[in-house]
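What follows is each chain in one-letter form.
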Amino acid sequence: MSQSGAGEANVLSGDGDSKKPKEKEVSILVADDDPAMRSLVSDELKDAGYRVVQVSDGLEVMHCLQDVSPDLIITDLRMPHGGMDVVARIKEVVPKTPVILMTAFGDKETESLAYKWGASAYFNKPVRMADLKEAVKNLLDNDGHTKSSDGGRCNHG
């Protein structure tokens, strides 16, 4: 029997591809200038088992991307140094990372622009947390992100 990896043959008895359930070290960057909204979203995601890094504006998002490699980013549209421009800059730096855009000031045109600029999902506020968590789960499952993060040191806000 040939095995692709020479060395020790570590065969598990039974049929299992028994993948050890790895601890879910999936990190999500939440950017919103409204502390109550940022806290609500972060708490919901932490309760669902995700590591959450919080920032309060678009500049902090970009600084954070230098230190942390989030698996997904949730950002508000209208916040200091935010807007579609921050979505475009995020996609330049981490093109494969899904971005969820939220806004309290959206319409069909805003939604269309969000997708054009690279958003993976779009939500009008107030956001139903169940819908947001479902979108997070689907985007992470579809992209297969299960990498661990370097730590969440960007909790400036």
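This one's a predicted model, so the numbers in the text were calculated from it and none came from an experiment.

Student: Please set out the pattern of salt bridges residue by residue, giving values where relevant.
Tutor: Within the structure shown, the criterion is met by seven salt bridges. Glutamate 44 is paired through a salt bridge with lysine 133; the nearest N and O atoms lie 3.0 Å apart. Taken as a pair, glutamate 44 in helix α1 (residues 35-47) and lysine 133 in helix α5 (residues 129-143) lie far apart in primary sequence, 89 residues in all. Its relative accessible area of 24% is what places glutamate 44 among the partly exposed residues. Two residues, aspartate 141 and lysine 137, come together in a salt bridge whose shortest N-O distance is 2.9 Å. In this pair, aspartate 141 and lysine 137 both sit in helix α5, four residues apart, roughly one turn of the helix. Relative accessible area serves as the criterion here: at 43%, lysine 137 is assigned to the partly exposed category. Each of Asp32, Asp76 and Lys125 takes part in salt bridges that share partners, so that together they form one network.

Student: So what about unusual backbone geometry? Which residues, and what values?
Tutor: The omega angle of the peptide bond from lysine 125 to proline 126 is 0 degrees, so this bond is cis rather than trans. Note on placement: proline 126 falls in the loop between β5 (121-124) and α5.

Student: Can you tell me about the nonpolar core, naming the residues and giving the values?
Tutor: Judged by nonpolar contacts, the single largest core of 22 residues is most densely connected at Leu29, Val61, Leu65, Ile73, Ile90 and Leu101. Among the secondary structure elements, those contributing two or more residues to this core are β1 (27-31), β2 (51-55), α2 (58-67), α3 (84-93) and β4 (99-103). Ignoring anything within four residues of it in the chain, the contact list for leucine 101 reads Thr75, Asp76, Leu77, Met84, Val87, Ala114, Ala119, Ala121, Tyr122 and Phe123. Grouped together as the second largest cluster of nonpolar side chains are 21 residues, Ile100, Met129, Val136 and Leu139 included.

Student: Break down the confidence of the model for the protein chain for me, with residues and values.
Tutor: Here the protein chain averages 82 in pLDDT, while 75% of its residues score no lower than 70. Averaged over each element, pLDDT in the protein chain is lowest for α5 (93) and highest for strand β3 (residues 72-76) (98). Scored below 50 in pLDDT, residues 1-22 shows three contacts in the model against residues more than four places distant or in partner chains. A low-confidence stretch, residues 144-153 stays under pLDDT 50, and its non-local contacts, those more than four residues away or across chains, total 24 contacts.

Student: Tell me about α1, and name the residues and values.
Tutor: Its 13 residues give α1 an end-to-end C-alpha distance of 18 Å, which sits within 8% of 18 Å, the value for a rise of 1.5 Å per residue. Measuring from the side-chain oxygen of the N-cap residue of α1 to the backbone nitrogen of alanine 36 gives 3.0 Å; that N-cap residue is aspartate 34. Just downstream of α1, glycine 49 is the residue with a positive phi angle, here 100 degrees.

Student: Summarise the packing of α2 against α3; cite the residues concerned and give the values.
Tutor: Orientation of α2 relative to α3, taken along the N-to-C sense of each, is 5 degrees, at an axis distance of 10 Å. Between α2 and α3, the crossing angle belongs to the class labelled roughly parallel. Where α2 approaches α3, its residues Gly58, Val61, Met62 and Leu65 are matched on the opposing element by Val86, Arg89, Ile90 and Val93. Tallied by class, the residues present in the contact of α2 with α3 amount to six nonpolar, one polar and one charged.

What counts, and where the lines are drawn
Residues numbered from 1 in each chain as written. Predicted model: local features only at pLDDT ≥ 70, side-chain atom pairs only at ≥ 80, totals over all residues. Heavy atoms only, no water. Salt bridge = Lys/Arg side-chain N within 4 Å of Asp/Glu carboxyl O. Helix = DSSP H or I, 4+ residues; strand = E, 2+ residues; numbered from the N terminus. Buried < 20%, exposed > 50% of the residue type's maximum accessible area, 1.4 Å probe, protein only. Core = buried A, V, L, I, M, F, W, Y, C linked by side-chain atoms within 4.5 Å. Contact = heavy atoms within 4.5 Å. pLDDT = per-residue confidence, 0-100. Expected span 1.5 Å × (residues − 1). Polar contact = N/O pair within 3.5 Å; in protein donor to acceptor, adjacent residues only side chain to side chain. Axes fitted to C-alpha atoms, helices over the stretch in contact; angles between N-to-C directions. Parallel < 35°, antiparallel > 145°, perpendicular 65-115°, else oblique. Nonpolar A, V, L, I, M, F, W, Y, C, P; charged D, E, K, R; others polar.

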